[in-house]
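Here is what each chain is made of, one letter per residue.
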Amino acid sequence: MRSMVVFFSCRSLQATDEFYLQRLGMKLWHTQPGCHIYDSGYGYLGFVEKPQVRLPEYSCISLNCGSREEVDRMYQKLKEQPSVTVPRQHPFFDVYSFFLKDPDGYTVEFQKIAEGGSR
């Protein structure tokens, strides 16, 4: 295996491009009619344009940051987005993160997982 792509449906590739390319800074890796694949630098997210989007019962696109400071920098960049939460230490896991919603309502998390196992 060389890499992995996780696919989601979206209502508008234009709105999805605005979010993942412009706001989050990902790169457009591949396009086909009705489909865009974004490169996070460590994996790929694919979106297929469909008129109806049914969100799964649970999903979370977690983007791993190199430090808590990077999580805080991303929060400062994105804090005006609707539905953004304040960065915090998770009460059960050794993870520092914040969450927001993309244009279709998918949960996106920016996180720093503590290195070295459990706390």
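The preceding data block contains the structure.
All values reported here derive from a predicted model rather than from experimental measurement. (Residues numbered from 1 in each chain as written. Predicted model: local features only at pLDDT ≥ 70, side-chain atom pairs only at ≥ 80, totals over all residues. Heavy atoms only, no water.)

Regarding the packing of aromatic side chains
All told, the structure shown has ten aromatic pairs when counted by the stated rule. Here F8 and F47 contribute two aromatic rings whose centre-to-centre distance is 5.6 Å and whose plane-to-plane angle is 25°, an arrangement assigned as stacked. Remark: F47 occurs in strand β4 (residues 44-49) and F8 occurs in strand β1 (residues 5-10); sequence separation between them is 39 residues. With a relative accessible area of 14%, F8 lands in the buried category. Since its relative accessible area comes to 0%, F47 is described here as buried. An aromatic cluster of three or more residues is present, and its members are F8, F19, Y20, Y38, F47 and Y106. (Phe/Tyr/Trp six-rings, centres within 6.5 Å; stacked < 30°, edge-to-face > 60°. Helix = DSSP H or I, 4+ residues; strand = E, 2+ residues; numbered from the N terminus. Buried < 20%, exposed > 50% of the residue type's maximum accessible area, 1.4 Å probe, protein only.)

Focus on the sheet that holds β1
Across a sheet, strands are paired by hydrogen bonds formed along the backbone, either parallel or antiparallel in direction. If you walk across this open sheet you meet the four strands as β1-β4-β3-β2, and the pairing is mixed. Two strands lie at the open edges of the sheet, namely β1 and β2 (27-32), each paired on one side alone. Each strand axis lies, on average, 25° off the axis of its neighbour in the sheet, ignoring direction. Sheet analysis places β1 next to β4, joined by six bridges and oriented parallel. Residue pairing across strands places S9 opposite V48, the latter belonging to β4. (Pairing = 2+ DSSP bridges. Axes fitted to C-alpha atoms, helices over the stretch in contact; angles between N-to-C directions.)

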